[in-house]
Amino acid sequence: MVLGVNDAAKRMGVRPERVLKLIHDGRLEAQKVGSRWVIDESALSSRVWIKSPGRPMSAKSAMVLVPRQATFARLMSDALRM
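Residues numbered from 1 in each chain as written. Predicted model: local features only at pLDDT ≥ 70, side-chain atom pairs only at ≥ 80, totals over all residues. Heavy atoms only, no water.

## Thoughts on the packing of helix α1 (residues 5-12) against helix α2 (residues 16-24)
So the rule is basically this: Axes, fitted as lines to C-alpha atoms, cover a helix only where it is in contact. Angles between the N-to-C directions of the axes lie from 0 to 180 degrees. The numbering of helices and of strands both runs from the N terminus, where a helix is a DSSP run of H or I of at least 4 residues and a strand a run of E of at least 2. Each angle is binned into one of four classes, with values under 35 degrees roughly parallel, values over 145 roughly antiparallel, values of 65 to 115 roughly perpendicular, and all other values oblique. Any pair of residues with heavy atoms lying within 4.5 Å of one another is described as a contacting pair. Each residue is assigned to one of three groups, with Ala, Val, Leu, Ile, Met, Phe, Trp, Tyr, Cys and Pro labelled nonpolar, Asp, Glu, Lys and Arg labelled charged, and all others, Gly among them, labelled polar.
In the contact formed by α1 and α2, the axes pass within 8 Å of each other and the chain directions differ by 100°. One way to sum up the angle between α1 and α2 is to call them roughly perpendicular. Contact residues: V5, N6, A8, A9 and M12 in α1; P16, V19, L20 and L22 in α2. Classifying every residue of the contact of α1 with α2 by side-chain character gives eight nonpolar, one polar and no charged.

Written out as structure tokens, the structure reads:
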């Protein structure tokens, strides 16, 4: 089965622009039919497409989470002692 760029993007969890970049970079096998790109479904299943989780947290953002988690843990341990 062949997929269009939009369908391939949905399956990969990326935007259609990213699929086109992968095609142009030669990292995703596709054929041009008229003015459209088509991707064979086997080209998608032959590789694992993992979407990265994004940018890492800044130190400032990470430090905001630490007191909340510590407070929650302390509240839970106090509740269990009662």
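## Things to note about the pairing of strand β3 (residues 36-40)
Moving residue by residue along a regular strand, the side chains alternate between the two faces of the sheet. Our working definition: If DSSP finds at least two bridges between two strands, the strands pair.
In this structure, strand β1 (residues 2-4) lies alongside β3, joined through three bridges in antiparallel fashion. Directly across from G4, in β3, lies its bridge partner V38. In this structure, strand β2 (residues 31-33) lies alongside β3, joined through three bridges in antiparallel fashion. Note on β3: the bridge partner recorded for V33 is R36. Two successive antiparallel strands, β2 and β3, enclose a turn made up of two residues, where G34 displays a positive phi of approximately 65°.

## Looking at the pattern of salt bridges
To keep it simple, the criterion reads: Any Lys or Arg side-chain nitrogen located within 4 Å of an Asp or Glu carboxyl oxygen qualifies as a salt bridge. Three labels apply to residues, based on accessible area from a 1.4 Å probe with only protein chains included: buried if under 20% of the type maximum, exposed if over 50%, partly exposed otherwise in between.
If you walk through the whole model with that rule in mind, you get three salt bridges. E41 is the salt-bridge partner of R11, the closest N and O atoms lying 2.4 Å from each other. Of this pair, R11 sits in helix α1 while E41 sits in helix α3 (residues 41-45), placing them 30 residues apart in sequence. When the shortest N-O distance is used, the salt bridge between R15 and E17 registers 3.3 Å. Residue class for R15 comes out exposed when judged on its relative accessible area of 60%. Taking the relative accessible area as the measure of exposure, E17 reaches 47% and is therefore partly exposed.

Spatial relationships are all this shows, so hold off on functional conclusions.
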